[in-house]
Amino acid sequence: MTISLDDDDHHAASHVVDYRKEGVLQTVRSRGGWLLVFFIGLIGAAVVVEQFEHVLKEEVELSYFVPLLIGHGGNTGSQSVATVIRGIALGHIKPKHLVFVIVKESIAGMLMGAFLGILIFMLSLVWEGISPRVGVCVAVSLPIVSLWANMLGGLFPIVAVWLGDNPAV
């Protein structure tokens, strides 16, 4: 099966392998590169967290939210990727829509993160285990994490199509 992009997009056609005919090693090879990139990113995140060890020792409750921030970024980014891939599959999104998609997904991510951040801050006002200072820190961090995750979730599939690669990997 061949998928070709519109001529006005100036991109080469890509060959799509039938999932049922793709071997396990081929599947691992096609996904492994991105997983390695994300793994390196997570190692980088661990190094950053290590640099703030003294802050985490003083504000232990801040460490409660590290999994929340990482998980939220992964979840919202995955939703963005899935939505954009669906748009590509239906023909609603093409590489020429890149800026529109990035702006839309970034704003959506920031708003969703802000909403959740406000909830966390309000929780910090009534829960003794979380100081309002930590609540503010998490409330500021969530929109930033969401913005980046959604922006990248919108960017990667479109760039993959533009390069003639599988946008789902």
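Values in this document were obtained by computation on a predicted structure and should not be read as measured data.

## A short note on the overall build of the chain
Then comes step 1: Regarding its fold elements, the chain presents five helices and two strands.
Then comes step 2: Starting at the N terminus and walking to the C terminus, you meet the elements of the chain as β-β-α-α-α-α-α.
Then comes step 3: Here the chain has a C-alpha radius of gyration of 19 Å; the compact-globule value for 169 residues is 15 Å, and the former is much larger.
Then comes step 4: The principal-axis extents of the C-alpha atoms in the chain amount to approximately 60 × 35 × 25 Å.
Then comes step 5: Within the chain, contacts between residues at least 6 apart in sequence are counted, and of these 70% link residues at least 24 apart.
Then comes step 6: When the accessible area of the chain is evaluated, it comes to approximately 11200 Å², of which 70% is carbon and sulfur surface.
Then comes step 7: Of the side chains in the chain, 10 bear a positive and 14 a negative charge, and the two mean positions are spaced by 10 Å.

## Some points on the nonpolar core
Then comes step 1: By size, the foremost hydrophobic cluster in this structure holds eight residues: Leu-62, Phe-65, Leu-69, Ile-120, Ile-130, Val-134, Val-138 and Leu-142.
Then comes step 2: Counting residues per element, this core draws most heavily on helix H5 (residues 132–163), which supplies three residues.
Then comes step 3: Setting aside chain neighbours within four positions, we find Leu-142 in contact with Leu-68, Leu-69, His-72, Gly-113, Leu-116, Gly-117 and Ile-120.
Then comes step 4: Listed in part, the six residues of the second largest apolar core include Val-84, Ile-88, Val-101 and Ile-158.

## Here we look at the packing of helix H4 (residues 98–126) against H5
Then comes step 1: Where H4 contacts H5, the two axes come as close as 7 Å, and the packing angle between them is 160°. Taken together, the axis directions place H4 and H5 in an arrangement best described as roughly antiparallel. The crossing of H4 and H5 is right-handed.
Then comes step 2: Considered class by class, the residues forming the contact of H4 with H5 number 21 nonpolar, nine polar and one charged.

## Digging into the side chain of Glu-61
Then comes step 1: The topology assignment puts Glu-61 in the loop between helix H2 (53–58) and helix H3 (66–89).
Then comes step 2: At 3.0 Å, the side chain of Glu-61 and the side chain of Ser-131 are in polar contact.
Then comes step 3: Those residues within four positions of Glu-61 in sequence are excluded, and the remaining contacts are Gly-129, Ile-130, Ser-131 and Val-134.

## What to know about the pattern of salt bridges
Then comes step 1: Considering all chains together, one arrives at three salt bridges under this definition.
Then comes step 2: We note a salt bridge from Asp-18 to Arg-20, for which the minimum N-O separation is 3.0 Å.
Then comes step 3: For the salt bridge of Arg-133 with Glu-59, the shortest nitrogen-to-oxygen distance reads 1.9 Å. Taken together, the positions of Arg-133 in helix H5 and Glu-59 in the loop between H2 and H3 put the pair 74 residues apart, joining distant regions of the chain.
Then comes step 4: Overall, the relative accessible area of 59% leaves Arg-133 in the exposed class.
Then comes step 5: Given the relative accessible area of 14%, Glu-59 is considered buried.

## Quick word on the side chain of Ser-146
Then comes step 1: Along the chain, Ser-146 falls in helix H5.
Then comes step 2: Those residues in contact with Ser-146, other than ones at most four positions away along the chain, are His-72, Thr-76, Gly-109, Met-110 and Gly-113.

## A few points about the packing of H3 against H5
Angle between the axes and distance between the axes: these two values describe a pair of packed helices.
Then comes step 1: Between H3 and H5, whose axes approach to 8 Å, the crossing angle comes to 35°. The hand of the H3/H5 crossing is right-handed. Across the interface between the two elements, Leu-68, Leu-69, His-72, Gly-73, Thr-76, Gly-77, Ser-80, Val-81, Val-84, Ile-85 and Ile-88 from H3 touch Ser-141, Leu-142, Val-145, Ser-146, Ala-149, Asn-150, Gly-153, Gly-154, Pro-157, Ile-158 and Val-161 from H5.
Then comes step 2: Its residues assigned to classes, the contact of H3 with H5 comprises 12 nonpolar, 10 polar and no charged.

## A closer look at a nonpolar patch on the surface
Then comes step 1: A surface patch of nonpolar side chains, amounting to about 480 Å² of accessible area, comprises Leu-36, Phe-39, Ile-40, Ile-43 and Val-47.
Then comes step 2: Along the chain, Leu-36 turns up in helix H1 (residues 24–51).

So, how was this worked out
Residues numbered from 1 in each chain as written. Predicted model: local features only at pLDDT ≥ 70, side-chain atom pairs only at ≥ 80, totals over all residues. Heavy atoms only, no water. Helix = DSSP H or I, 4+ residues; strand = E, 2+ residues; numbered from the N terminus. Rg over C-alpha atoms; globule rule 2.2 N^0.38 Å. Contact = heavy atoms within 4.5 Å. Areas by Shrake-Rupley, 256 points an atom, 1.4 Å probe, with all protein chains shown as cover. Lys, Arg positive; Asp, Glu negative; His and termini not counted. Charge placed at Lys NZ, Arg CZ, Asp CG, Glu CD. Core = buried A, V, L, I, M, F, W, Y, C linked by side-chain atoms within 4.5 Å. Buried < 20%, exposed > 50% of the residue type's maximum accessible area, 1.4 Å probe, protein only. Axes fitted to C-alpha atoms, helices over the stretch in contact; angles between N-to-C directions. Parallel < 35°, antiparallel > 145°, perpendicular 65-115°, else oblique. Left-handed = near helix turned anticlockwise from the far one by under 90°. Nonpolar A, V, L, I, M, F, W, Y, C, P; charged D, E, K, R; others polar. Polar contact = N/O pair within 3.5 Å; in protein donor to acceptor, adjacent residues only side chain to side chain. Salt bridge = Lys/Arg side-chain N within 4 Å of Asp/Glu carboxyl O. Patch = residues over 30% accessible without salt bridge, like charges linked within 9 Å, V, L, I, M, F, W, Y side chains within 5 Å.

So yeah, pure geometry; function would need other evidence.
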